[in-house]
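So the chains spell out like this:
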Amino acid sequence: VGATVDDFLRPPRANRALSTLSAEALAGLQKSGEQLTALENRVVEIEFQLDCKALAPTQAKTELAQLETHAKILECKDIDAVYTSELTTGKAQAKTEKKDQLNRLEMLFER
């Protein structure tokens, strides 16, 4: 279960609370990060099944193409939709997370 906006609005003891906009951005990035992890795990699983001959190359190619489509949708619809320029309290954290996810996507596409 992913974090909710309320989870980000409640500050840890030493930190100040995030603005609602920052909390929403970080909650969205956490959700997209979880989806990206699931895609990465599935690619590893497909590679393993292919190596074990449990999956035919044509099946692997089809599944990987579908995963690439899902990854591109995730990139455009969820990750790129987070505009960090409008944030204040969570700007640095959101920029770092967004950059990390985009790098992970790039590595996934290069596999």
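This one's a predicted model, so the numbers in the text were calculated from it and none came from an experiment.

Participant: Would you explain the overall build of the chain in this entry?
Facilitator: Counting its regular elements, the chain contains 4 helices and 0 strands. Going from the N terminus to the C terminus, the chain shows its helices and strands as α-α-α-α. Here the chain holds 111 residues, and 29% of them are scored as buried. The contacts in the chain between residues at least 6 apart in sequence include a share of 61% that link residues at least 24 apart.

Participant: Help me understand the packing of aromatic side chains, please; the structure alone is not making it clear to me.
Facilitator: The way to describe two aromatic rings as a pair is by their centre distance and the angle between their planes. Summed over all chains, the structure comprises 0 aromatic pairs. Between the NZ or CZ atom of lysine 72 and the centre of the ring of phenylalanine 109, over which it lies, the distance is 5.7 Å.

Participant: Even after reading the chapter, I still don't get the packing of helix H2 (residues 20-51) against helix H3 (residues 57-79), so can you show me in this structure?
Facilitator: The axes of two packed helices give the description: the angle between them and the distance between them. Where H2 contacts H3, the axes come no closer than 10 Å and their chain directions differ by 170 degrees. In terms of orientation, H2 and H3 fall into the roughly antiparallel class. Contact residues: H2 offers Ser32, Gln35, Leu36, Leu39, Arg42, Val43, Ile46 and Leu50, while H3 offers Pro57, Ala60, Glu63, Leu64, Leu67, His70, Ala71, Leu74, Asp78 and Ile79.

Participant: Mind showing me how you'd approach the pattern of salt bridges here?
Facilitator: A side chain with one charge may pair with a side chain of the opposite charge, provided their charged atoms come close. Across all of its chains, the model carries 5 salt bridges by this definition. The salt bridge involving arginine 42 is made with glutamate 45; its shortest N-O contact spans 2.7 Å. Of this pair, arginine 42 and glutamate 45 both sit in helix H2, separated by 3 residues, roughly a single helical turn. Arginine 42 serves as the salt-bridge partner of glutamate 63, at 2.4 Å between the closest nitrogen and oxygen. With glutamate 63 in helix H3 and arginine 42 in helix H2, the pair connects residues that are 21 residues apart, well separated along the chain. Given the relative accessible area of 22%, glutamate 63 is considered partly exposed. Bridged by salt links that share partners, the residues Arg42, Glu45 and Glu63 form one connected network.

Participant: Which parts of the structure should I look at to understand the environment of leucine 67?
Facilitator: Along the chain, the position of leucine 67 falls in helix H3. Placed 27 residues apart in sequence, leucine 67 and glutamate 40 show a C-alpha to C-alpha distance of 9.1 Å. The contacts of leucine 67, once residues within four sequence positions are left out, are Leu39, Arg42, Val43 and Ile46.

Participant: Explain the layout of surface pockets to me, please; I cannot follow it from the model alone.
Facilitator: Rolled over the atoms, a probe as big as a water molecule pinpoints where empty space is left. What the largest pocket holds in volume is close to 210 Å³. Taken together, Val43, Glu47, Leu64, Ala65, Leu67, Glu68, Ala71, Leu108, Phe109 and Arg111 form the lining of the largest pocket. At the level of secondary structure, the elements contributing two or more residues to the lining of the largest pocket comprise H2, H3 and helix H4 (91-110). Here the lining of the largest pocket gets 5 residues from one element, more than from any other, and that element is H3. Residue classes in the lining of the largest pocket are distributed as 7 nonpolar, no polar and 3 charged. A volume near 150 Å³ is recorded for the second largest pocket. Glu24, Ala25, Gly28, Leu29, Lys31, Ser32, Gln35, Lys77, Asp78, Ala81 and Val82 are the residues that line the second largest pocket. Those elements giving two or more residues to the lining of the second largest pocket turn out to be H2 and H3.

Definitions and cut-offs
Residues numbered from 1 in each chain as written. Predicted model: local features only at pLDDT ≥ 70, side-chain atom pairs only at ≥ 80, totals over all residues. Heavy atoms only, no water. Helix = DSSP H or I, 4+ residues; strand = E, 2+ residues; numbered from the N terminus. Buried < 20%, exposed > 50% of the residue type's maximum accessible area, 1.4 Å probe, protein only. Contact = heavy atoms within 4.5 Å. Phe/Tyr/Trp six-rings, centres within 6.5 Å; stacked < 30°, edge-to-face > 60°. Lys NZ or Arg CZ within 6 Å of the ring centre and 35° of its normal. Axes fitted to C-alpha atoms, helices over the stretch in contact; angles between N-to-C directions. Parallel < 35°, antiparallel > 145°, perpendicular 65-115°, else oblique. Salt bridge = Lys/Arg side-chain N within 4 Å of Asp/Glu carboxyl O. 1 Å grid on protein atoms, 1.4 Å probe; cavity = no way out; pocket = protein on both sides within 12 Å on 5 of 7 lines; lining within 4 Å. Points joined across faces, edges and corners; volume = space filled by probe spheres on them. Nonpolar A, V, L, I, M, F, W, Y, C, P; charged D, E, K, R; others polar.

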